[in-house]
Amino acid sequence: QVQLVESAGGLAQTGGSLRLSCAGPGRASRTGTMGWFRQAPGKEREFVATLRRGDGKTVYADSVKGRFIISRDSVQNTVYLQMNSLKPEDTAVYYCAATTSNLILSSMRHQERYDSWGQGTQVTVSS
């Protein structure tokens, strides 16, 4: 499977902001779904946000809705995650994921539907 290239994470204080990027091969297309998952120490990997290229549909986990924004580059095969109002519970390794399919809404948050993954990047939020 194609490995996605993630930007470095970072360290932020509570209430601060960080931005992550995820780049896949080639140019952007009208199909495919790209998103973000995260895994905190001792916990299972969980869904964060995803974007469907076919229509621009976005889906967010309730825990980040209103704070995080997922967006795409219209030319490059790149997706961003703008993280605002960060909380200590946002501390985790963040993984980018992608699939060539325009996933149906009910499948967009399911990690098993994605077949390309980034290396993971550490995001740490201090209290």
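For clarity, every value in this text was computed on a predicted model and none was experimentally measured. (Residues numbered from 1 in each chain as written. Predicted model: local features only at pLDDT ≥ 70, side-chain atom pairs only at ≥ 80, totals over all residues. Heavy atoms only, no water.)

## With respect to the overall build of the protein chain
Selection criterion: Under the scheme used here, helices are H or I runs from DSSP no shorter than 4 residues and strands are E runs no shorter than 2 residues, and both carry numbers assigned from the N terminus. When we talk radius of gyration, it's over C-alpha atoms, and the globule rule is simply 2.2 Å times the number of residues to the 0.38. The classification of residues rests on relative accessible area computed with a 1.4 Å probe and restricted to protein chains. Under 20% of the type maximum is buried, over 50% is exposed, and intermediate values are partly exposed. It only takes one pair of heavy atoms within 4.5 Å for two residues to be counted as in contact. In this tally Asp and Glu are treated as negative and Lys and Arg as positive; neither His nor the chain ends contributes. Charge positions are represented by NZ for Lys, CZ for Arg, CG for Asp and CD for Glu.
Helices and strands together make up the secondary structure of the protein chain, namely 0 helices and 11 strands. Computed over the C-alpha atoms, the radius of gyration of the protein chain is 13 Å, within 12% of the 14 Å expected from 2.2 N^0.38 for a compact globule of 127 residues. Taking the principal axes of the C-alpha coordinates as reference, the protein chain spans close to 40 × 25 × 25 Å. Looking at the protein chain residue by residue over its 127 residues, the buried ones come to 43%. Once local pairs closer than 6 in sequence are excluded, the contacts in the protein chain between residues at least 24 apart make up 62%. Put simply, the protein chain has 15 plus and 10 minus side-chain charges, and the middle of one group is 6 Å from the middle of the other.

## Remarks on the state of the cysteines
Selection rule: By convention in this document, the label disulfide applies to cysteine sulfur atom pairs within 2.5 Å.
The final tally for this structure, using the stated rule, is 1 disulfide. Two residues share a disulfide in this structure: Cys22 and Cys96, whose sulfurs sit 1.8 Å from each other. Where Cys22 bonds to Cys96 through sulfur, the torsion about that S-S bond is close to -80 degrees, and the disulfide is left-handed. With Cys22 in strand β3 (residues 18–27) and Cys96 in strand β9 (residues 92–99), this residue pair connects regions lying 74 residues apart in the sequence. In this structure, Cys22 and Cys96 share a single accessibility class: buried.

## Observations regarding the sheet that holds strand β8 (residues 76–83)
Two modes of strand pairing occur in sheets, parallel and antiparallel, and in both the strands are linked by backbone hydrogen bonds. Stated precisely, the cut-off is as follows: The rule for pairing is simple: two strands pair if DSSP sees at least two bridges between them.
A sheet is described by the order of its strands in space; here 4 strands give the open sequence β1-β3-β8-β7, paired in antiparallel fashion. On the outer flanks of this sheet lie β1 (5–6) and β7 (68–72), each paired with one strand and no other. Relative to β8, β3 runs antiparallel, the two sharing 7 bridges. Within β8, the residue paired with Leu18 across the bridge is Met83.

## Some details on unusual backbone geometry
In this structure, Ser85 is a non-glycine residue whose phi angle is positive, near 50 degrees. Take Ser85: it is sitting in the loop between β8 and β9. For Ser85, a relative accessible area of 40% corresponds to the partly exposed category.

## Description of the environment of Arg113
This is how the line gets drawn: What qualifies as a polar contact is a pair of N or O atoms within 3.5 Å, subject to a donor-acceptor requirement within protein and to the restriction that residues adjacent in sequence count only when both atoms come from side chains.
Along the polypeptide, Arg113 turns up in the loop between β9 and β10 (116–117). Note on Arg113: relative accessible area 39%, which makes it partly exposed. Residues Arg113 and Thr99, spaced 14 residues apart in sequence, show a C-alpha to C-alpha distance of 7.3 Å. Ignoring anything within four residues of it in the chain, the contact list for Arg113 reads Thr99, Leu103 and Ser107. Engagement of the side chain of Arg113 in a polar contact is seen with the side chain of Ser107, the distance being 2.9 Å.

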